[in-house]
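Letter by letter, the chains look like this.
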Amino acid sequence: MPPKGHPLSWFTNRGSGGGDIMLRSAYVLILTIGLIVILGHGAYAVKAPDGNESSICLQCHSKEGVFMEFMNKETISVFIDPSGFKMSVHGFMECAECHRNYSIDDHPKKEYRSKGQYRLRSSHICRRCHDDEKICEKPIHSALLDQEKDGSSPICSDCHSAHSVMPVTGGKIFMSEKKYCFSCHAYDIRMTYRSGETSSIKVSHETLRSSVHGMLGCSDCHFGFSSEDHPRRNFKSRRDYLIASSDSCRRCHFDKYSKTLESIHHSVLQQGDMTAPSCTDCHGSHGIQRMHDDRVSIPRRCADCHGEIYEVYAKSVHGDALINENNKDVPVCIDCHKAHDIVNPLTMEWHEMIPQICSECHADRSVVEKYGLSVNVVKSYLSDFHGVTLNFYKKQREELDKPARPIAVCTDCHGTHNIMSTRDVGIVKSNLITQCQKCHANITENFPDAWLSHYEPSLASAPLVFVVNGFFKIFIPILVIGLVLQILLHIWRYSSNR
Amino acid sequence: MSKNDNNILPKVRRFSKYRIAEHWVHVVMFVMLIVTGLSQTYYYLELSQWFVLKLGGIDRVRMVHRATGVGFSVLLIVHIFAAVTGLLTRKWGPDMLISIKDFKDAAHNIRFYFGLETRPARCGRYTYKQKFEYWAIFLGVIFMASSGYLLMYPIRATAYLPGEVIPMAKALHSNEAIVMILIISIWHIYNAVFSPEVFPIDRSIFTGYISRRRMIREHPMELEKEDAVGENNEEGMISEKVIRGV
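All values reported here derive from a predicted model rather than from experimental measurement.

Student: Can you break down the overall build of chain B residue by residue, with the values?
Tutor: Summing up its helical and strand segments, chain B has 12 helices and 2 strands in all. Reading chain B from its N end, one meets helices and strands in the order α-β-α-α-α-α-α-α-α-α-β-α-α-α. Sorting the 246 residues of chain B into buried and exposed places 46% on the buried side. Counting every atom, chain B has about 13300 Å² of accessible surface; 67% of that belongs to carbon and sulfur.

Given below as structure tokens:
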């Protein structure tokens, strides 16, 4: 018997009377129905313990290593990360809400031609809810939809993963900006210009990481772009785009940028020649490397446009040493022409600068001495007729605005890009007469000898000059001493005679 | 001192107007050559560059230098022509030629300076100092002119001569210029300006006259000769007579 006060005691106490059988029957009935309801419910709970069909699906789909095969024998993993799905914006939804034909009872087998076709079909699922008008609010989407009209359908899951879809704003928390950008830019998607030209927007992650800008984020250079904003750009041509892209560099490398404003490349560009190089043409874009480390590559970059000059340079004493010996002392293009403020080398200003340019190395003992070259070459030029005239012309042009005539400088005798070694004196001498003739008509073969070839006059190289100089070196002091002594004696005699 | 002397003692005519003019032209040209020449030799000095730019550029400086040089060499030719003509027509004697006596005079004067002689050497119309200076400058001008023309026409020169003569000419031209500048600035300026005998300045080349007192002291032999001729000459000036007509 149940104790008094127990809920069942009511039945027990009443059960002692005549109407007891009725009550007992009702009790059993209720108990039975209750049991059925409870057991029935219990049976359902075994089938779906937390109350949704997704769990049923995940019983299989959370296992890795299950693949689905397409008609073209491509395969795709059917694995779905349950926590990723739960965390996603669609975490509250049931599988069948997207995968409509599937239910606990029905798992139809569908045949797709290829993975591509499958992914494309899957995109249609998204767009059942996300209608075109809605998704067009993001500029990147409208560009993709434009592409769709041209026949290349965008696939949502290329950028937004299929089951771990995150809101874009929330996405930043979970993935770096770079990863976000690479969700599209790792693929060979093409960008179309007004001219109809297209170019790939693919960026190699490896290349970017190994570049000098590996630590920067995409939007550090591509300003205006972020995981929230992807403005639609409208360039006439690929070339226009590349030139405009150089503006990105300006924000950090302003010193270099302002130098380029003085360059011939910039002025050619200003004149409308779009083939003029901009930053990326020489430096590259995503794979920018430090240039000092690989001097051999520098002339090669210039050779992209100035190929003929490179050919000549490669055969010169400088180019040969660079390319064949990897000599660090020889000049490359940018050592003479400068890298960013490259000026027109046909101007008088440039012509006048040449001895100074050559002297950067040829007057530096630490550079030329190991090759047995004299450091006096520049000095001997500057103190001779041509050098003196050149310097005066330079001053006159600067201070009196006088037009100057071109005066022979280093390159007029030695050549520019084709500079040869002077060790073979015969070649230099025979070249010299033709070089002299450029300015001095009617010269004979004696004329070039008037130039002492940078040598200090010696008894062997220039005996006449040596003797004359030597004579006066002795004669002048004797003369001065003799005259002064005479004067002193004269004054002395005169004063002691008074 | 000399002013008073001039007042007391009669003056003697020493230089004709031709020589006075010749000296002036030489002075002007010499200074022009020095200034335009040195600014080329010492091109690296601030002063040279300032001067070259002030004159309107190196081309103009060179042009002025060459034109003056040509002028100077013309004067040299005229000078030689006049001297030879004068000698041939016996308008003057070979007073400027150096003789043994000049070396003896020099040695004598050095002994005199050391107190080994009681009086200085007795000189003629030109003292040995003047003669040596004259010939140093005369030869100098010949060197300067010839090397100058080589430098002015290097292409024509090397048609006949080896190329090396051009740098040699340059060495000679600049070195000889220094020698001439030293002779003029030390020797000539001392003897004609600062020497106690003429201080503050020997004006005979500007006025044409020299005091009798200085003639006695510096050119006693010439004075004796002049006086000997001068007995028949009212003015007592041999030089005027000799030079007339040149």
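Student: Run through the overall build of chain A, naming residues and quoting values.
Tutor: Regarding its fold elements, chain A presents 28 helices and 4 strands. Each of the 498 residues in chain A was classed as buried or not, and the buried ones make up 25%. Sequence separation of at least 24 residues holds for 55% of the intrachain contacts in chain A that already meet a minimum separation of 6. Counting every atom, chain A has about 32400 Å² of accessible surface; 60% of that belongs to carbon and sulfur.

Student: An account of the pattern of salt bridges is requested, with residue identities and associated values reported.
Tutor: Residue and element names in this part refer to chain A. In the structure shown here, the tally under the stated rule is 16 salt bridges over all chains. Between Arg127 and Asp132 there is a salt bridge, with the nearest N and O atoms lying 3.0 Å from each other. Residue class for Arg127 comes out buried when judged on its relative accessible area of 18%. For Arg397, the salt bridge identified is with Glu349, shortest N-O distance 3.9 Å. Of this pair, Arg397 sits in helix α25 (residues 385–400) while Glu349 sits in helix α22 (residues 348–362), and the two are 48 residues apart along the sequence.

Student: So what's going on with the interface of chain B and chain A? Residues and values would help.
Tutor: With 46 residues of chain B at the interface, the matching set in chain A holds 46 residues. Summed over both sides, the interface between chain B and chain A buries roughly 4100 Å², with carbon and sulfur atoms accounting for 70% of that surface. The three residues of chain B that bury the most area against chain A are Leu53, Tyr113 and Glu164 of chain B, which together make up 17% of that side's buried surface. The interface formed by chain B and chain A holds 1 salt bridge in total. Across the pair Arg405 of chain A and Asp59 of chain B runs a salt bridge, and its minimum N-O distance is 3.4 Å.

Student: Could you give an account of the packing of aromatic side chains, naming the residues involved and the relevant values?
Tutor: In this structure the tally under the stated criterion is 20 aromatic pairs over all chains. Ring geometry for Tyr42 of chain B versus Tyr44 of chain B: centroids 6.2 Å apart, planes at 85 degrees, classification edge-to-face. Owing to a relative accessible area of 30%, Tyr42 of chain B belongs among the partly exposed residues under this scheme. Taken together, the ring pairs in this structure connect Phe70, Tyr112 and Tyr118 of chain A into an aromatic cluster. Here the basic side chain of Arg250 of chain A rests over the ring of Tyr257 of chain A, its NZ or CZ set 5.0 Å away from the ring centre.

Student: Could you give an account of unusual backbone geometry, naming the residues involved and the relevant values?
Tutor: All names here are of chain A. Located in the positive-phi region is Asn326, a residue other than glycine, with phi close to 50 degrees. Summarising the element assignment, Asn326 is placed in the loop between α20 (317–325) and α21 (333–337). For Asn326, a relative accessible area of 40% corresponds to the partly exposed category. Residues other than glycine seldom take positive phi values, yet Ser453 does so here, at roughly 55 degrees. The topology assignment puts Ser453 in the loop between α27 (425–437) and α28 (463–497).

Student: Run through the packing of helix α19 (residues 307–315) of chain A against α20 of chain A, naming residues and quoting values.
Tutor: Between two packed helices, both the angle of their axes relative to each other and the distance between the axes serve to describe the pair. Residue and element names in this part refer to chain A. Where α19 contacts α20, the two axes come as close as 4 Å, and the packing angle between them is 85 degrees. The angle between α19 and α20 falls in the class roughly perpendicular. Along its contact with α19, which presents Tyr310, Tyr313, Ala314 and Lys315, the element α20 presents Val317, His318, Gly319, Asp320, Leu322 and Ile323. Of the residues in the contact of α19 with α20, the class split is 6 nonpolar, 2 polar and 2 charged.

Student: I'd like a rundown of the confidence of the model for chain B, residues and numbers included.
Tutor: Interpretation of this model should avoid reading the predicted coordinates in detail wherever pLDDT is low. Residue and element names in this part refer to chain B. Scored by pLDDT, chain B comes out at a mean of 84, with 89% of its residues at no less than 70. Confidence drops under pLDDT 50 across residues 1–7; counting only partners more than four residues distant or on other chains, this segment forms 5 contacts. The low-confidence segment residues 231–246 (pLDDT under 50) makes 23 contacts with residues lying over four places distant or belonging to another chain.

Student: So what about the side chain of Arg62 of chain B? Which residues, and what values?
Tutor: The topology assignment puts Arg62 of chain B in helix α4 (residues 58–88). Buried within the structure, Arg62 of chain B lacks any salt-bridge partner; Asp59 of chain B is the closest side chain of opposite charge, at an N-O distance of 4.3 Å.

Student: Which residues make up the packing of α25 of chain A against helix α3 (residues 46–55) of chain B, and what values go with them?
Tutor: Orientation of α25 of chain A relative to α3 of chain B, taken along the N-to-C sense of each, is 60 degrees, at an axis distance of 11 Å. With respect to α3 of chain B, the element α25 of chain A is oriented oblique. When you trace α25 of chain A past α3 of chain B, the crossing you get is right-handed. Where α25 of chain A approaches α3 of chain B, its residues Phe392, Lys395, Gln396, Glu399 and Leu400 of chain A are matched on the opposing element by Gln49, Val52 and Leu53 of chain B. Residues that form the contact of α25 of chain A with α3 of chain B fall into these classes: 4 nonpolar, 2 polar and 2 charged.

Student: So what's going on with the state of the cysteines? Which residues, and what values?
Tutor: In protein chemistry, a disulfide is the covalent bond that joins the sulfur atoms of two cysteines. All names here are of chain A. Considering all chains together, one arrives at 0 disulfides over all chains under this definition. Summary of cysteine pairing: Cys156 is not part of a disulfide, and the nearest cysteine sulfur, belonging to Cys126, is at 4.1 Å. Cys249 takes part in no disulfide bond, and the closest cysteine sulfur to it belongs to Cys279, at a distance of 3.9 Å. By relative accessible area, Cys249 is classed as partly exposed at 25%.

About the criteria used
Residues numbered from 1 in each chain as written. Chains lettered and ligands numbered in written order. Predicted model: local features only at pLDDT ≥ 70, side-chain atom pairs only at ≥ 80, totals over all residues. Heavy atoms only, no water. Helix = DSSP H or I, 4+ residues; strand = E, 2+ residues; numbered from the N terminus. Buried < 20%, exposed > 50% of the residue type's maximum accessible area, 1.4 Å probe, protein only. Areas by Shrake-Rupley, 256 points an atom, 1.4 Å probe, with all protein chains shown as cover. Contact = heavy atoms within 4.5 Å. Salt bridge = Lys/Arg side-chain N within 4 Å of Asp/Glu carboxyl O. Buried area = accessible area lost by both parts, 1.4 Å probe. Phe/Tyr/Trp six-rings, centres within 6.5 Å; stacked < 30°, edge-to-face > 60°. Lys NZ or Arg CZ within 6 Å of the ring centre and 35° of its normal. Axes fitted to C-alpha atoms, helices over the stretch in contact; angles between N-to-C directions. Parallel < 35°, antiparallel > 145°, perpendicular 65-115°, else oblique. Nonpolar A, V, L, I, M, F, W, Y, C, P; charged D, E, K, R; others polar. pLDDT = per-residue confidence, 0-100. Lys, Arg positive; Asp, Glu negative; His and termini not counted. Left-handed = near helix turned anticlockwise from the far one by under 90°. Disulfide = S-S within 2.5 Å.

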